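Each chain is listed here by its residues.
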Amino acid sequence: MSTDTRPQADALINFLFDQLPVRGVLLQLGSSWREVVALQRDAERTLPLLADSLAATTMMASTMKLTGMLTLQLQGGAGLGMLIAQCDAQLGFRGMCGEIESEDLSFAGLLAGGRLSMTVEARRPQDRYQGIVPVAGESLAAALAHYYRDSAQLDAHFVLLSDTQSVAGLMLQKMPESDPIEADHWHRLCMMADTLTLDEMRDGVSAHMVHKLFAEDDVRAYPERDTRFHCRCTAARAERAVRMLGELDAKALLKERGGQIDITCEFCNRHRTLDAVDVSRLFTDDVIEGASNDRVH
């Protein structure tokens, strides 16, 4: 049980209710979120939904025994082509939001008729999972609660708050394979969660905040876990994408683009350029892929 009352920025806390079959997560993103904001090309329109998605995905990932990646995807709505939020076992997150075509920036306006999918990537094929449901509700929080009821038959409640400087999130989830929780208890916990404000979370999370929110309950708060923006793009992955074109198509593209192929990561906007020498090297039989730079940043 954590007794540290100092707020921790860019971190989350997992917690359990001793007398109720419920677990929770409290999260705050500060500098890591501002790093994401700086990368967005259409920030005013994309940030609210991207913030909610990254917060929710990171909180959900923290409750799973991940060996790979958790991916939340929103797709096929009336005004949004695609949004992807990912978080790995070390709580490194990244996300991208496609072009928004609708003038209605509400959740329903962007995703009416769309679908929500959750994918768990794992080293062992038997541990991989994907669930897909229609988007339901007037917010991502409502859509995720619907997802848990539909796919896992579990009660879940999300509070997602953000602006350009900070993100806060709180998730409550009924424990799998536990006895049912009385409706009055669940309703009371959700009401307490909904009192969370972004201002009180700007400086970070702490066990004290968890106990303050749920002062009527015995809550066991675990040590804080750091979160961070983390993109998995590398030079090797960029080169692999060009190799997948095949030598003839890659060289044709090189000629079409004036002697260089430009590749930009959709998650972090990192720009890489391959010239004729690079492309020739890719299709040499004894080439070692990404030998020049295979670092994830």
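All chains use their own residue numbering, which begins from 1 and follows the written sequence. Local features are withheld for residues below a pLDDT of 70 in this predicted model, meaning they are given only at 70 or higher, and side-chain atom pairs are given and counted only at 80 or more; totals for whole chains, interfaces and linings count all residues. Side-chain calculation: all heavy atoms of the structure are included, whereas hydrogens and water are not.

Novice: I tried to follow the pattern of salt bridges on my own but got confused; where do I start?
Specialist: Side-chain pairing between opposite charges can occur once the charged atoms of the two side chains come close. In the sections that follow, a salt bridge refers to a side-chain nitrogen of Lys or Arg positioned within 4 Å of a carboxyl oxygen of Asp or Glu. Counted according to the given criterion, the structure contains seven salt bridges. Glu216 is the partner of Arg188 in a salt bridge, and the nearest nitrogen-oxygen pair spans 3.7 Å. Here Arg188 is found in helix 5 (residues 183-193), whereas its partner Glu216 is found in the loop between helix 6 (207-213) and strand 10 (219-221), with 28 residues between them in sequence. The class of Glu216 is exposed, set by a relative accessible area of 60%. In this structure, Asp217 and Arg188 form a salt bridge, with 2.8 Å as the shortest nitrogen-oxygen distance. Secondary structure elements are defined from DSSP: runs of H or I of at least 4 residues count as helices, runs of E of at least 2 residues count as strands, and each element is numbered from the N terminus. The classification of residues rests on relative accessible area computed with a 1.4 Å probe and restricted to protein chains. Under 20% of the type maximum is buried, over 50% is exposed, and intermediate values are partly exposed.

Novice: What is the right way to read the packing of aromatic side chains from this model?
Specialist: Aromatic rings considered in pairs are described by the distance between their centres and by the relative angle of their planes. Put simply, two rings from Phe, Tyr or Trp (the six-membered ring, in Trp's case) pair if the centres are within 6.5 Å, and we call them stacked under 30 degrees between planes, edge-to-face over 60, tilted for the rest. Under the criterion given, the structure shown has six aromatic pairs. Judged by centre distance (5.8 Å) and plane angle (85°), the rings of Tyr147 and Tyr148 are edge-to-face. Comparing Tyr147 with Tyr148 shows no difference in burial state: the two are buried. Ring pairs connect the aromatic residues Phe15, Phe17 and Phe214, which therefore count as one cluster.

Novice: Can you walk me through the side chain of Ser117 in this structure?
Specialist: Within the secondary structure, Ser117 is located in strand 6 (residues 115-121). Note on contacts: a residue pair qualifies if any of its non-hydrogen atoms lie within 4.5 Å across the two residues. Leaving out residues up to four positions away in the same chain, Ser117 has contacts with Thr71, Leu72, Gln73, Gln130, Gly131 and Ile132.

Novice: What exactly am I supposed to notice about the nonpolar core here?
Specialist: Here is a general trend for soluble globular proteins: nonpolar side chains tend to be buried in one another's company. Buried Ala, Val, Leu, Ile, Met, Phe, Trp, Tyr and Cys residues that are joined via side-chain atoms within 4.5 Å together make up what is termed a nonpolar core. Membership of the largest hydrophobic core comes to 51 residues, with the highest contact counts inside it found for Trp33, Met60, Leu116, Leu144 and Phe158. No other element matches helix 2 (residues 43-62), which puts 10 residues into this core. Here Leu144 is in contact with Ala56, Met60, Leu72, Leu116, Met118 and Phe158, once residues within four sequence places are set aside.

Novice: What should I look at first to understand unusual backbone geometry in this one?
Specialist: Backbone geometry follows two general trends: most residues other than glycine have a negative phi, and most peptide bonds adopt the trans configuration. Unusually for a residue other than glycine, Asp10 sits at a positive phi of about 50°. By relative accessible area, which is 10% here, Asp10 ends up buried.

Novice: Could you clarify how one ought to interpret the pairing of strand 9 (residues 167-174) in this entry?
Specialist: Every other side chain in a regular strand lies on the same face of the sheet, so the side chains alternate between the two faces. Within strand 9, eight of the eight residues are buried, which leaves it mostly tucked inside the rest of the structure. Burial along strand 9 is two-sided: the residues Val167, Gly169, Met171 and Gln173 and Ala168, Leu170, Leu172 and Lys174 are all buried. Note: strand 2 (residues 22-29) against strand 9, eight bridges, orientation antiparallel. Each bridged residue has a counterpart across the sheet, and for Gly24 the counterpart in strand 9 is Leu172. Pairing between strands is defined by DSSP: at least two bridges between them are needed. Where strand 8 (residues 156-162) and strand 9 come together, seven bridges link them in antiparallel fashion. Across the sheet, residue Leu161 finds its bridge partner in strand 9, namely Ala168. What sits between the antiparallel neighbours strand 8 and strand 9 is a turn of four residues.

Novice: When you look at helix 4 (residues 140-152) in this model, what are you seeing that I'm missing?
Specialist: Note that an α-helix has 3.6 residues per turn; residues three or four places apart therefore point the same way. Expected helix span is given by 1.5 Å per residue-to-residue step, counting one fewer step than there are residues. Between its terminal C-alpha atoms helix 4 stretches 17 Å, which fits the 18 Å expected from 13 residues at 1.5 Å a residue. Within helix 4, burial applies to Leu140, Ala141, Ala143, Leu144, Ala145, Tyr147 and Tyr148. Backbone geometry just downstream of helix 4 places Gln153 in the positive-phi region, at approximately 55°.

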